[in-house]
Amino acid sequence: MQVEKRSIDFIPENERHGQPGSLFYIWFGANMNITTIASGVLPVMLGLNLFWSALAIVLGSLIGAVFMASHSAQGPRLGIPQMIQSRAQFGVLGAVLPLLFVMLIYLGFFVSNTLLAAQAIESVSPLGGTGNIYLIGALCFVVALYGYRLIHRLQKLLSLLSVLVFLAASALALGLPIPAGQWSPAGFALPQFLVAVSIAVTWQLSYAPYVADYSRYLPSATPAARVFWFSYAGTVAGGAWMMILGAVLSVGIGGFADNVGSHLAQLFGPGALPLFLFIVYGQVAINVFNLYGAFMSTVTVIEPFARLRVTPRVRAAFMLLISLIASALCSVSQENFIAFFLNFIFFMSYFLIPWTAINLVDYYCLRKGEYCVADIFDPRGRYGRVNLIACASFVLAIVLQVPFMNTALYVGPIASALGGVDLAWAVGLLVPALSYYGLMRRRRMASGAQPLSP
C-alpha cells in the first residue's frame, strides 16, 4: 500500500473509484467509539432522564446529519476537499478565517479522543498516562500517513466489528440497575432539552468540515442523492446508538463519566482485555480523521501564501508535527475531561453553524453546484482574494450569538431572560444564511445580473 499522493488538489476522473455505499461504513464506523459514548453522557449530566436524553439525541442527530450529508454530497461533483471549496464563498485568502477555527476543532477532538483512550488503557498499560498518549499519537500518525484507501478499509472493518461489540455492550447495559422513572416522560425541562439537542446537532456538524474529503474520490457521475443518504444513514445510526448507550451506561454505572473506556471494558468481565484493544483501535481510527483533516487544513492555509508541493515526505513532516503538537496538548489536559469536553462541544457549535450556513446556501441556493475549480486555487480568479460579504456574515453571526449563549463558562443576557434556553444555534444558522444570500444576490444584480458562476 502506498502513501496517498493527493492532498488539497482536484481528483481527476481517472483516479476516481468506489461506490457511495462505502460512505455508510465510513460514517457509521466514525461514530463507533468511546468519544461518541462520552457525548451521550452530557444530556444526563445536564439533568435529563433517559427518556428525554434519548429523544434529544435522536432529534439532534436527525437534524444535524442533514447538514453533514449535504456537505458530503458536494464531494463527487467538485473533487476537492471541503474547506478548499470554502474559498468560493470566503475568497482564496478569506477562507483562512473559518479554517483557523476548524483547525482548533481538529486539535480539540484529537485531544478528546486520545485522552479517553489513554484513560481506558491506563490500568493495563505499563507506560502511564503520558506514555499512552504518545503511543496513541504515533499510531494515528502511521495510519493517517497512508491516507484515503487505508482509512476506508479501517472504517469498514471497524463498522463490522463494532456492530458485534456494541450489540453485546447494549445487551449488557439493558441489564444494569436503572432507577425508576428514568424512562418516564415526566420531568421535562425545556432549557436542558434544547441544550441536549444542540449537543447532538453539533456532534453531527463536527464532521462537516471534512466529510467531502472522503466522498471526493467517487466518480463525478455518482448521484448526489445516494451520497447524501448513505452518509446520512451511517452517521445517524452510529451516532444516535452510541450516544444513547452512553446515556444508559452513565445512569447504570456509578462514576461512569470518570473513565468511560475502562468502565465500558469492565462491563465485559473476563473479556475486558480484548475490549481495551478494541477501544484503542476505535480511537485511533477516528483520530485519523482529525489528523488527516488537520493536515488538509494546514496545507489550505499555507498554499495561497507559498506554493507548496505536497510530496509524501512533506505530508509525513506536516502530519508528524501536528501529531506531536496535539499529543503535547493532551499531556497537559488530562484533568476534568467531561467539563473540558462539554465546553468544547459548545465552542464548536458557535463557529461551525455559521460556516455551514454560508457554505450550503452558496452551493445549493446561489451557485447550484456550479464552480470553476481552477479559480478556487487562484487568488486572481473569479472568487477573489477575500469576499468581505462572507467574512462579515461569519463574524456577525458569531458576535450575535453571544447574548443567546448558555454554557458553563458564560450565560448571555437573552438566555437568562428565557430561563436558560440557548438559542445561539438558531442565530448562528439564520443570520449568516440570510445576510450572505441577500447581499450576494444584490451584488449579482448590481453587476448586471451576471451569473455567480460559469
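Residues numbered from 1 in each chain as written. Predicted model: local features only at pLDDT ≥ 70, side-chain atom pairs only at ≥ 80, totals over all residues. Heavy atoms only, no water.

### Notes on the packing of aromatic side chains
Stated formally: In this scheme Phe, Tyr and Trp rings, the latter by its six-membered ring, pair at centre separations within 6.5 Å, and the angle between planes marks the pair as stacked below 30 degrees, edge-to-face above 60, and tilted otherwise. Burial here depends on accessible area, computed with a 1.4 Å probe over protein chains only, as a share of the maximum for the residue type. Under 20% is buried, over 50% is exposed, and the range in between is partly exposed.
Considering all chains together, one arrives at 23 aromatic pairs under this definition. Here the aromatic rings of Phe51 and Trp52 are separated by 4.9 Å at their centres, their planes lie at 90 degrees, and the arrangement is edge-to-face. Pairing Tyr363 with Tyr364 gives two aromatic rings, centres 4.7 Å apart and planes at 70 degrees, and the pair type is edge-to-face. Tyr363 gets classed as buried once you look at its relative accessible area, which sits at 5%. You can call Tyr364 partly exposed: its relative accessible area is 36%. Of the aromatic side chains, those joined through ring pairs into one cluster are Trp27, Phe109, Trp203, Tyr207, Tyr214 and Phe344.

### Points about helix 2 (residues 34-45)
Quick reminder: α-helices carry 3.6 residues per turn. Residues three or four places apart thus point the same way. Where we set the bar: We count a stretch as a helix when DSSP gives it H or I for four or more residues in a row; a strand needs E for two or more, and each element gets its number in order from the N terminus. The span you would expect from a helix comes to 1.5 Å times its residue count less one. Pairs of N or O atoms are called polar contacts if they sit within 3.5 Å, as long as, within protein, a hydrogen donor faces a hydrogen acceptor (for residues adjacent in sequence, only side-chain-to-side-chain pairs).
End to end, helix 2 covers 17 Å across 12 residues, agreeing with the expected 16 Å (1.5 Å per residue, within 8%). Counting buried positions over the 12 residues of helix 2 gives 11, a clear majority of the element. Those residues of helix 2 lying buried are Ile34, Thr35, Thr36, Ile37, Ala38, Ser39, Gly40, Val41, Leu42, Pro43 and Val44. At the N-terminal boundary of helix 2, the capping side chain belongs to Asn33, with an oxygen 3.0 Å from the backbone nitrogen of Thr35. Just beyond helix 2, the residue with positive phi is Gly47, at close to 110 degrees.

### As for the pattern of salt bridges
Put simply, the test is: Between Lys or Arg on one side and Asp or Glu on the other, a salt bridge is scored when a side-chain nitrogen of the former is within 4 Å of a carboxyl oxygen of the latter.
Per the stated rule, a full pass over the model turns up four salt bridges. Among the ionic pairs, Glu370 bridges to Arg77, the shortest N-O distance being 2.3 Å. One end of the pair, Glu370, is in the loop between helix 16 (337-366) and helix 17 (373-376); the other, Arg77, is in helix 4 (residues 75-78), with 293 residues separating them in the sequence. For Arg77, a relative accessible area of 43% corresponds to the partly exposed category. Note that Arg380 is salt-bridged to Asp378, the shortest N-O span being 3.6 Å. The exposure class assigned to Asp378 is partly exposed, which follows from its relative accessible area of 23%.

### Observations regarding empty space enclosed by the protein
Any empty space left between the atoms is revealed when a probe the size of a water molecule rolls over them. Note the cut-off: Cavity and pocket criteria rest on a 1 Å grid covering protein atoms alone: a 1.4 Å probe that fits but cannot get out defines a cavity, protein on both sides within 12 Å along at least 5 of 7 lines defines an open pocket, and an atom within 4 Å of a point defines a lining residue. Grid points are joined across faces, edges and corners, and a volume is the space filled by probe spheres set on the points.
By the definition in use, this model includes five cavities of 30 Å³ or more. By volume, the largest cavity amounts to about 70 Å³. As for the largest cavity, its lining consists of Ser198, Ile199, Thr202, Ile345, Phe346, Ser349, Tyr350, Ile353, Gln401, Asp422, Ala424 and Trp425. Counting only elements with at least two residues in the lining of the largest cavity, the list comes to helix 10 (190-205), helix 16 and helix 20 (424-446).

### As for a nonpolar patch on the surface
Note the following rule: A patch consists of residues whose relative accessible area exceeds 30% and which take part in no salt bridge; residues with like charges are grouped when within 9 Å of each other, and nonpolar side chains (Val, Leu, Ile, Met, Phe, Trp, Tyr) when within 5 Å. Note that accessible areas follow from Shrake-Rupley with a 1.4 Å probe, and for residues the cover is restricted to the protein chains shown.
Together, Leu127, Leu135 and Leu139 make up a nonpolar patch on the protein surface, roughly 250 Å² of accessible area in all. Inspection of the secondary structure puts Leu127 in the loop between helix 7 (96-121) and helix 8 (128-145). Overall, Leu127 belongs to the partly exposed group, its relative accessible area being 47%.

### So, helix 16
Test applied: Throughout, the bend at a residue refers to the angle made by two axes, fitted to the seven residues ending there and to the seven starting there.
With 30 residues, helix 16 should cover 44 Å at 1.5 Å per step; its first-to-last C-alpha distance of 42 Å lies within 8% of that length. Within helix 16, the axis deviates most sharply at Leu352, by approximately 25 degrees, and proline Pro354 lies no more than four positions further along. With 24 of 30 residues buried, helix 16 is to be regarded as a mostly interior element. Immediately beyond the C-terminal end of helix 16, within one or two residues, lies Lys368, with a positive phi of roughly 50 degrees.

### Comments concerning the side chain of Asn132
What counts is decided by this rule: Two residues qualify as a contact provided that any one of their heavy atoms is within 4.5 Å of a heavy atom in the partner residue.
Summarising the element assignment, Asn132 is placed in helix 8. If near-sequence neighbours (up to four positions away) are discounted, Asn132 is found in contact with Ala118, Ile121, Glu122, Ser125 and Leu127.

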